Amino acid sequence: MAIQLRPEEITSILKQQLADFQVQGASYETGTVLSVGDGIARVHGLAQVMAGELVEFSGGLNGMALNLEEDNVGVAIFGEDTHIREGDSVKRTGRIASVPVGPALAGRIVDALGQPIDGFGPLQATESRKIEIKAPGVIDRQDVKEPLQTGLKMIDALTPIGRGQRELIIGDRKTGKTTIAIDAIINQRGGDVHCFYVAVGQKRSTVTQIYETLKKAGAMDYTTIIAATASDPAPMQFLAPFSGCTMGEFYRDTGKHALIIYDDLTKHAQAYRQMSLLLRRPPGREAFPGDIFYLHSRLLERAAKLSSALGGGSLTALPIVETQANDVSGYIPTNIISITDGQIYLEADLFNAGQRPAMNPGISVSRVGGDAQIKAMKQTAGMLRLDLAQFRELAAFMQFASDLDPATRKQIERGYRLMEVMKQGVHATLPVAHQVASIYAGVNGWLDDVPLDQSRAFEQHLIAALNAAPDDFVNPFNATKAMSDTLKELLNNLLKRVKQSFKVA
């Protein structure tokens, strides 16, 4: 059967298609690699490239334009530079570096670009944000006044951390800095704080160990690990804290709360120094570039408690800095101390003497202070700070005195017991009611006649009693969060029973 072709139909179809036809084209600006090495490429021909823009190499690797010079562009390479050769083409993407954000990141380990590296498949994130954004202004913030409990008596009592605060953890290597940060994450279990742990320049085995610790404690359900390990190139280590901060800001900007750990900013500064020297930026003190202070201030200023008009969300930052031989007057430590709202100073001598956490309560400070404490802790910890300060003075004086009057000796004995009560096991965080009860017992003399080596055992006995009968103190405490006369009487009665049942081993 012959097909009947109608010319008018064909004509109308062609006219319709020609009317709908659109010329679509894409213009790419491409350049050429002049030289490459140590994670940095020099590229010629990208005249219109923006600072911080992502560029794509012909092999598929990405990089970020950092130095915009007259005749070439300095590009930091995100990946192994061995795959790039001189003469390779480089293409602009028109995008500023961004990372995925949102609830899909919870429980995952990602690299500095937000790509999953935990082997659990691709991320299901629906939103991405720019890595570098401006910190909220003065009007957009409010006072730090809500406590963020770490579960560590020494910190929650003496250097309290509030939501939206930046509290530096500083000390020599192997003094328990990361342990404090991990404890702070574990203590958020069952709360409304989303946690981010940024590992910069650490061993992969260490990151795996931290992941296993958090997973065992049930903390990975609300935690994301951003890892730029020692084997990653310097540009990835430079980018990781900014990527983690962007992921945390998603919660801050949606009226929720987030906690971010930067572990550690010393290695971050060293990675940035390496990049800057390779980019031929002029070196300054200790060969760091002139903008090293700005690098950390623009990162840490993004931690904030937003105003009620913006939802009241918060991002709390705990940066970690490693010192050399207890020298807090180094370039990077002094920079970050001046940016943050206080520091938790850990001493190797205290650590070696068995004090955990090895915090020096004399040098450590929180510039937010009692504003970030519940009323009960403020009432109880005020005496503790005074007692410990007097103990430190008297202990120093005792080295030169042959005999002491009974009052001084009693104060020194109490000081030793208070230092014992302040000790806490690894990942053994305590609810605030238990902390207040322990500190109250110490500062009010309930431990004075307990042998020094039995102080910790007495505290464990007290905690067991608190858990066994929560209605006797814990539940009334949680209802008011203030040490009224009624609550003090309840706690005194409980302590009497504990004292009677406690047997010295």
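Coordinates for the structure precede this section.
Now for a look at the structure at hand. Computed from a prediction, not measured in an experiment: that's the story for all the values here.

## Some thoughts on the side chain of K153
1) Next: Following the sequence through the fold, K153 ends up in helix α2 (residues 153-158).
2) Next: At 3.3 Å, the side chain of K153 forms a polar contact with the backbone oxygen of K423.
3) Next: The contacts of K153, once residues within four sequence positions are left out, are L158, V421, M422, K423, Q424, L430, Q435, S438 and E459.

## Overview of the packing of aromatic side chains
1) Next: One pass over the structure, following the stated rule, counts eight aromatic pairs.
2) Next: Arranged with centres 5.9 Å apart and planes meeting at 45°, the rings of F196 and Y251 form a pair that is tilted. Linking F196 in strand β11 (residues 193-200) with Y251 in helix α5 (residues 234-253), this pair joins segments that are 55 residues apart in sequence.
3) Next: Residue class for F196 comes out buried when judged on its relative accessible area of 2%.
4) Next: On the numbers, 5.4 Å between centres and 85° between planes, the contact of F458 with F502 is edge-to-face. With a gap of 44 residues between them, F458 in helix α13 (residues 455-468) and F502 in the segment after α15 (485-501) connect regions that are remote in the sequence. Both residues of the pair, F458 and F502, belong to the buried class.

## With respect to the pattern of salt bridges
1) Next: Applying the stated rule across the entire model yields 24 salt bridges.
2) Next: E53 is paired through a salt bridge with R92; the nearest N and O atoms lie 3.0 Å apart. Placement of E53 in strand β3 (residues 53-57) and of R92 in strand β6 (residues 89-96) is noted, with a sequence separation of 39 residues between them.
3) Next: Between K499 and D449 there is a salt bridge, and its shortest N-O distance comes to 2.8 Å.

Rules behind the numbers
Residues numbered from 1 in each chain as written. Predicted model: local features only at pLDDT ≥ 70, side-chain atom pairs only at ≥ 80, totals over all residues. Heavy atoms only, no water. Helix = DSSP H or I, 4+ residues; strand = E, 2+ residues; numbered from the N terminus. Polar contact = N/O pair within 3.5 Å; in protein donor to acceptor, adjacent residues only side chain to side chain. Contact = heavy atoms within 4.5 Å. Phe/Tyr/Trp six-rings, centres within 6.5 Å; stacked < 30°, edge-to-face > 60°. Buried < 20%, exposed > 50% of the residue type's maximum accessible area, 1.4 Å probe, protein only. Salt bridge = Lys/Arg side-chain N within 4 Å of Asp/Glu carboxyl O.

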